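Notes for the structure review
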Amino acid sequence: ARITFYNRLKDNFLSEVRELSEFMVGDVLSLRAAQAVQTATSVSATKKLEETGEFQARKRVGFTKVRNGTVCGFVADVTPDTMQKAISIMHKTLTPELNSAFSQC
């Protein structure tokens, strides 16, 4: 298994995507292909797709499927109680390394 965290993608997208491609398909994407992935999957590109209807967001007031592009951006979408329950479960089940990845949330 390989876990990819948003902050790693945000900090070094091209390297992370190339490593992920090697893990998934056994071959590293070319730099040009990784750059194409970066362009196609950026927050601004996916928001444009959402606006044109090519990417369907759930129909709920105040909800958008495309996030704002920040680390721990999901925190605004859950109640404090839900967040505390999730943190409790994570501390009990995840490795220290994985727990530290969420410590900034």
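Quick summary incoming for the structure in this document. (Residues numbered from 1 in each chain as written. Predicted model: local features only at pLDDT ≥ 70, side-chain atom pairs only at ≥ 80, totals over all residues. Heavy atoms only, no water.)

So, about the overall build of the protein. Regarding its fold elements, the protein presents six helices and zero strands. Along its sequence from the N terminus, the protein presents helices and strands in the succession α-α-α-α-α-α. Residues counted as buried form 17% of the 105 residues belonging to the protein. Restricting the contact set of the protein to residue pairs at least 6 apart, pairs at least 24 apart contribute 33%. For the protein, the computed accessible surface area is about 7900 Å², with 57% contributed by carbon and sulfur atoms. (Helix = DSSP H or I, 4+ residues; strand = E, 2+ residues; numbered from the N terminus. Buried < 20%, exposed > 50% of the residue type's maximum accessible area, 1.4 Å probe, protein only. Contact = heavy atoms within 4.5 Å. Areas by Shrake-Rupley, 256 points an atom, 1.4 Å probe, with all protein chains shown as cover.)

Right, let's get into helix α5 (residues 80-93). Between its first and last C-alpha atoms α5 spans 20 Å; for 14 residues at 1.5 Å apiece the expected length is 20 Å, and the two agree. Among the 14 residues of α5, one are classified as buried, and the element is accordingly described as predominantly exposed. (Expected span 1.5 Å × (residues − 1).)

Moving on, we get to a nonpolar patch on the surface. Taken together, the side chains of F23, M24 and V25 make up a nonpolar region of the molecular surface, amounting to roughly 360 Å² of accessible area. Here F23 lies in helix α2 (residues 13-25). (Patch = residues over 30% accessible without salt bridge, like charges linked within 9 Å, V, L, I, M, F, W, Y side chains within 5 Å. Salt bridge = Lys/Arg side-chain N within 4 Å of Asp/Glu carboxyl O.)

Angle between the axes and distance between the axes are the two parameters that describe a pair of packed helices. Interhelical geometry of α2 versus helix α3 (residues 31-40) gives an angle of 110° and a closest axis separation of 9 Å. As judged from the angle between their axes, α2 and α3 are roughly perpendicular. Contact residues: F13, L14, V17 and R18 in α2; L31, A34, Q35, V37 and Q38 in α3. Broken down by class, the residue content of the contact of α2 with α3 amounts to six nonpolar, two polar and one charged. (Axes fitted to C-alpha atoms, helices over the stretch in contact; angles between N-to-C directions. Parallel < 35°, antiparallel > 145°, perpendicular 65-115°, else oblique. Nonpolar A, V, L, I, M, F, W, Y, C, P; charged D, E, K, R; others polar.)

Turning next to the pattern of salt bridges. Evaluation of the coordinates by the stated rule reveals three salt bridges. With a closest N to O distance of 3.1 Å, R2 and E19 form a salt bridge. Within this pair, whereas R2 is found in the segment before α1 (6-11), its partner E19 is found in helix α2, the two being separated by 17 residues in sequence. For R2, a relative accessible area of 26% gives the class partly exposed.

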